[in-house]
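Chain and residue survey
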Amino acid sequence: MLNLVWADEGGLPANDRGLAYGDGLFETVRMQGQQGVLLSRHLMRLVRDAARLGIVVSREELSDVCAQAAQRWADSFDNGWVLKLILTRGAGGRGYRPDDNMRPNLLLSATSLPPEPAAEGVVADFSRVPLSVHPMFAGIKSLNRLDQVMAARELHDGLFEVIMSNHDGYLVEGTRTNLLLKTRDGWVTPPVSSLAVAGVMREWLLERLRERGESVLERPLAIADLTSPHCQGLFLLNSVFGVVPVRRLADQDLPVDCGLATIVHPHDLLE
């Protein structure tokens, strides 16, 4: 059973393992009233990845909690809001070793939506911070996000995102986004095994493209792929703001294709 912690009433205990060791996970859900964008996928990922860490939580329990959160906060926002769930293993344990049968803590908070990105495309750059992904934790949206924190310090006014590379020099993801490249031959995206976070928007969109019969290849993405004449556009994927084209990357203008807007927008994915 979860121990619920409402952010507007207090915080996690000082000996919480999420605070001490990053021992936990989080989800950030775009909400419109009492409905959430891809909410079922967010909850499925949280349950699945919690199981990978040995944290016991049920989908039914999380669904009930989200319904409580929606009733609590939906009327406080006029134009949508963001629900954040932070799940930790709980409080206690001696050093790194957790106690047996710990009761997980779930911290819930609500904030207003961030500004919508420009529909005509955004400006991005390459990060100088390399992204390290442990194979055991690939794709998990854990509380261990120091690589992204350091990379996000490179952001400034006018720069929407910085794109991180792994130690082999391949482009992996943004600080808060997954990558999707359009080419003459189809779509290319880095494989889950290389990702720090495998986003629910990425998962949903790849399924839709394949259903439409389009070619989707998951392989390492090199800088040369973006400078190639085969490049027809680079997209940033995130379940809060949807799918956004990159119009300029570092000192290079990229082609902008708004075709994905016809099949995906957060407002169309409410559950």
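What counts and how
- Numbering of residues starts from 1 in every chain and runs along the sequence as written.
- The predicted origin of the model limits local features to residues at a pLDDT of at least 70 and limits the giving and counting of side-chain atom pairs to 80 or more, whereas totals for whole chains, interfaces and linings rest on all residues.
- The side-chain numbers reported here are obtained from all heavy atoms of the structure, hydrogens and water having been left aside.
- Any residue with relative accessible area above 30% and no salt bridge may belong to a patch, with like charges joined within 9 Å and the nonpolar Val, Leu, Ile, Met, Phe, Trp and Tyr side chains within 5 Å.
- All accessible-area figures derive from a Shrake-Rupley calculation using a 1.4 Å probe, and residue coverage is judged against the displayed protein chains alone.
- Salt bridge, as used here, is a side-chain nitrogen of Lys or Arg placed within 4 Å of a carboxyl oxygen of Asp or Glu.
- Comment: elements are numbered from the N terminus, with helices defined as DSSP H or I runs of at least four residues and strands as E runs of at least two.
- Strand pairing is assigned whenever DSSP identifies at least 2 bridges connecting the two strands.
- What makes two residues a contact is simply this: any of their non-hydrogen atoms within 4.5 Å.
- Angular values range over 0 to 180 degrees, each being the angle between N-to-C directions of two axes fitted as lines to C-alpha atoms, with helices fitted over their stretch in contact.
- Expected helix span is given by 1.5 Å per residue-to-residue step, counting one fewer step than there are residues.
- Residue exposure (1.4 Å probe, protein chains only): buried if accessible area is under 20% of the type maximum, exposed if over 50%, otherwise partly exposed.

1. Comments concerning a nonpolar patch on the surface
On the surface, Leu146, Val149 and Met150 cluster together into a nonpolar patch covering about 290 Å² of accessible area. Its place among the elements puts Met150 in helix 4 (residues 146-152).

2. What about the sheet that holds strand 2 (residues 24-32)?
Strand order across the open sheet formed by five strands is 1-5-4-2-3, with mixed pairing between neighbours. Of all strands in the sheet, those bounded by a partner on one side alone are strand 1 (3-6) and strand 3 (35-36). In this structure, strand 1 lies alongside strand 5 (residues 105-112), joined through four bridges in parallel fashion. Bridge assignment links Asn3 to a residue of strand 5, and that residue is Asn105. This element, helix 2 (residues 39-53), spans strand 2, strand 3 and strand 4 (81-88) of the sheet and lies at about 175 degrees to strand 2.

3. Considerations on the environment of Ala7
Along the polypeptide, Ala7 turns up in the loop between strand 1 and helix 1 (17-21). Placed 20 residues apart in sequence, Ala7 and Glu27 show a C-alpha to C-alpha distance of 15 Å. Residues in contact with Ala7, not counting those within four places in the same chain, are Leu107, Leu108 and Ser109.

4. Observations concerning helix 2
The periodicity of an α-helix, 3.6 residues per turn, causes residues three or four places apart in sequence to face the same way. Relative to the 21 Å expected for 15 residues at 1.5 Å per residue, helix 2 spans 21 Å between its end C-alpha atoms, a close match to the ideal helical length. The complete set of buried residues in helix 2 reads Leu39, Arg41, His42, Leu43, Arg45, Leu46, Asp49, Ala50 and Leu53. The inward-facing, buried residues of helix 2 contact strand 2, strand 3, helix 3 (59-73), strand 4 and helix 5 (200-211). Where helix 2 ends, the next residue or the one after it, Gly54, has phi of about 80 degrees, a positive value.

5. Here's the deal with the side chain of Asn105
Note on placement: Asn105 falls in strand 5. Judged by relative accessible area, which is 4%, Asn105 ranks as buried.

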